[in-house]
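Observations on the model geometry
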Amino acid sequence: MAKMGRAQVMQAEAAGIKPSVLMNPILLKPTNDVGSQVIVNGEAIGNMKATDYFAYKK
């Protein structure tokens, strides 16, 4: 199952459309003060510190 932000699911429901990972293709879910779980197109790719994420992203 694809992971999505709650806000995007609620917005889709309010608009009467099916939620899609394309509504928020890059989702960062904070795990602590310096890192987040990185989710790309609904698939978790791992936990990263902010500095690691900035080096990773294209």
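Being a predicted model, the structure only gives us computed values, none of them experimental.

**Considering the sheet that holds strand 3 (residues 43-49)**
- Strand order in the open sheet made by the three strands is 1-2-3, with antiparallel pairing throughout. Looking along the sheet, the strands with just one partner apiece sit at the ends: strand 1 (26-30) and strand 3. Neighbouring strand axes in the sheet, compared pairwise and without regard to direction, differ in orientation by 25 degrees on average.

**So, the side chain of Gln8**
- Tracing the sequence through the fold places Gln8 in helix 1 (residues 6-15).
- In terms of polar contacts, Gln8 uses its side chain to reach the side chain of Asn24, at 3.5 Å.
- Excluding residues within four positions of it along the chain, Gln8 makes contact with Met23 and Asn24.

**Some points on the environment of Met1**
- Looking at the element boundaries, Met1 is found in the segment before helix 1.
- You can call Met1 exposed: its relative accessible area is 99%.
- As for Met1 and Ser36, which are separated by 35 residues in sequence, their C-alpha atoms are 20 Å apart.

**Details of the pairing of strand 1**
- Note: strand 1 against strand 2 (residues 35-40), five bridges, orientation antiparallel. When the bridges of strand 2 are listed, Ile26 appears paired with Val40.
- The hairpin turn running from strand 1 into strand 2, its antiparallel successor, is four residues long.

Reading the values: the criteria
- Residues numbered from 1 in each chain as written.
- Predicted model: local features only at pLDDT ≥ 70, side-chain atom pairs only at ≥ 80, totals over all residues.
- Heavy atoms only, no water.
- Pairing = 2+ DSSP bridges.
- Helix = DSSP H or I, 4+ residues; strand = E, 2+ residues; numbered from the N terminus.
- Axes fitted to C-alpha atoms, helices over the stretch in contact; angles between N-to-C directions.
- Polar contact = N/O pair within 3.5 Å; in protein donor to acceptor, adjacent residues only side chain to side chain.
- Contact = heavy atoms within 4.5 Å.
- Buried < 20%, exposed > 50% of the residue type's maximum accessible area, 1.4 Å probe, protein only.

Interpretation in functional terms is not warranted from these geometric data alone.
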